Amino acid sequence: MCTVTYIPTAGGFYLTSSRDEKAGRATIPPTKYQAYGTDLIYPKDEVAGGTWIASDYNGRIVCLLNGAFHNHVKQERYVRSRGLILLESFKYKNAYDFSKAINLNGIEPFTMISLNYPSGIMPEFTEFRWDGTNKHLSRLSTCKSQIWSSATLYSPKIQLKRAKLFEEWIEKFKDTDGRNILAFHCNKHGPCTFRDIVMSGGDDLMTLSISQLHFRNGNPVFRYYDILNHRAYATELLNTSPEINA
């Protein structure tokens with residue numbers, strides 16, 4: 001929920017999300033759930049019951065980052081978890097309907113990346129930001145590699161530096177694959193561990209896991225890497241249960 005990258009390929013794309021959180025925060029690995037009448041697969045935050053990334057079995061994936069454009073002053077209490085708002089987004093046909101209908105009063109600011117890629121239909125790629133007062137929805141290009149960094153952890157200046165690092169990496173690995181992308185998300189790129197792609201900060205905050213949706217020639221696969229416990233999960237979204245590899 002703190003670093004997200006999108007990389008198009010000849011036959012599809014990779015959407016990858018790193019979760020930076022306190023190491024002691026309990027998480028359930030990806031499992032199939034039903035929400036708002038839709039079958040979903042997602043890792044679950046045990047504390048709030050929501051998630052930072054979820055995919056259905058019909059060609060749609062949504063992921064979340066904390067904060068909108070800038071770091072915000074955190075209130076003592078919010079109405080609902082942002083991770084539950086992500087799940088509620090599947091109640092709507094697309095991000096546009098979600099944006100119009102959802103009531104976000106009392107919800108902490110967030111950024112939501114949504115990608116609809118149903119077979120035979122032009123993909124719909126959107127970015128939705130809630131800054132605590134206003135909604136901001138924009139359409140994204142599916143032909144351009146992109147990176148997002150959480151506004152609550154990284155200042156605009158640091159976000160630009162991370163974007164530059166990503167651009168340089170893309171240029172270096174033009175023929176990228178899933179292993180290279182995983183390496184970008186889980187390797188160190190500089191001396192400052194708190195600002196790095198795989199981060200380690202104060203108060204037990206660190207990169208705990210990496211989730212990835214790989215779509216290639218009509219075949220979507222959801223992968224999840226538990227960095228803390230050294231476990232990997234993979235689910236073909238035509239199947240119903242994840243495979244677990246030690």
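This text gives an overview of the structure that appears in the document.

Quick notes on the rules
Counting starts from 1 at the beginning of each chain's written sequence and moves along it residue by residue. Where local features are concerned, this predicted model is filtered to residues with pLDDT of at least 70; where side-chain atom pairs are given and counted, the filter is 80 or more; whole-chain, interface and lining totals use all residues. The basis for every side-chain value is the complete set of non-hydrogen atoms in the structure, without hydrogens or water. The nonpolar core is taken to be a set of buried Ala, Val, Leu, Ile, Met, Phe, Trp, Tyr and Cys residues, with the residues joined through side-chain atoms within 4.5 Å. Here's how the labels work: a residue is buried when its accessible area is under 20% of the maximum for its type, exposed when over 50%, partly exposed in between, all with a 1.4 Å probe on protein chains only. Working definition: helices are DSSP H or I runs of at least four residues, strands are E runs of at least two. Numbering for both runs from the N terminus. By the convention used here, residues are in contact when the closest approach between their heavy atoms is within 4.5 Å. For the purpose of charge, His is not counted, nor are the chain termini; Lys and Arg are scored as positive and Asp and Glu as negative. Whenever a carboxyl oxygen of Asp or Glu lies within 4 Å of a side-chain nitrogen of Lys or Arg, that contact is scored as a salt bridge. Residues adjacent in sequence count toward polar contacts only when both atoms are side-chain atoms; beyond that, a polar contact is any pair of N or O atoms within 3.5 Å, and within protein one must be able to donate a hydrogen and the other to accept it.

## Some thoughts on the nonpolar core
- Core analysis: the biggest nonpolar cluster contains 23 residues, and Phe 13, Tyr 117, Trp 148 and Leu 213 have the highest contact counts within it.
- Elements with a contribution of two residues or more to this core: strand E1 (3-9), strand E2 (12-22), strand E6 (60-66), strand E7 (110-116), strand E11 (205-216) and strand E12 (219-226).
- With 3 residues, the single largest contributor to this core is E6.
- In contact with Trp 148, not counting residues within four places along its chain, are Cys 2, Thr 3, Val 4, Thr 5, Tyr 6, Leu 65, Ile 113, Phe 125, Glu 127, Arg 129 and Leu 140.
- In terms of nonpolar packing, the next biggest core, distinct from the first, is built from 20 residues, Leu 40, Tyr 42, Leu 104 and Ile 107 among them.

## Observations regarding the side chain of Asp 56
- Turning to its location among the elements, Asp 56 is positioned in strand E5 (residues 53-56).
- Although Asp 56 lies buried, it forms no salt bridge, and the closest oppositely charged side chain, Arg 60, sits 5.4 Å away as judged by the N-O distance.
- Reaching out from Asp 56, the side chain makes a polar contact with the backbone nitrogen of Asn 58 at a distance of 2.9 Å.
- At a separation of 3.0 Å, a polar atom in the side chain of Asp 56 contacts the main-chain amide nitrogen of Arg 60.

## Quick notes on the pattern of salt bridges
- All chains considered together, the criterion is met by 6 salt bridges.
- Residue Asp 45 pairs with Arg 19 through a salt bridge whose shortest N-O separation is 3.3 Å. Of this pair, Asp 45 sits in strand E4 (residues 38-45) while Arg 19 sits in strand E2, and the two are 26 residues apart along the sequence. The two residues Asp 45 and Arg 19 agree in class, both being buried.
- The residue Glu 88 makes a salt bridge to Arg 80 at a minimum N-O spacing of 2.4 Å.
- By relative accessible area, which is 10% here, Glu 88 ends up buried.
- The partly exposed category is assigned to Arg 80, whose relative accessible area is 30%.
- Through salt bridges that share partners, Lys 74, Arg 82 and Glu 108 make up one connected network.

## Thoughts on unusual backbone geometry
- Unusually for a residue other than glycine, Tyr 36 sits at a positive phi of about 55 degrees.
- Tracing the chain through its elements places Tyr 36 in the loop between strand E3 (27-35) and E4.
- Among the residues examined, Tyr 36 registers a relative accessible area of 43% and is labelled partly exposed.
- One non-glycine residue, Asn 217, lies in positive phi territory at about 50 degrees.

Scope: geometric values only; no functional claims are made or implied.
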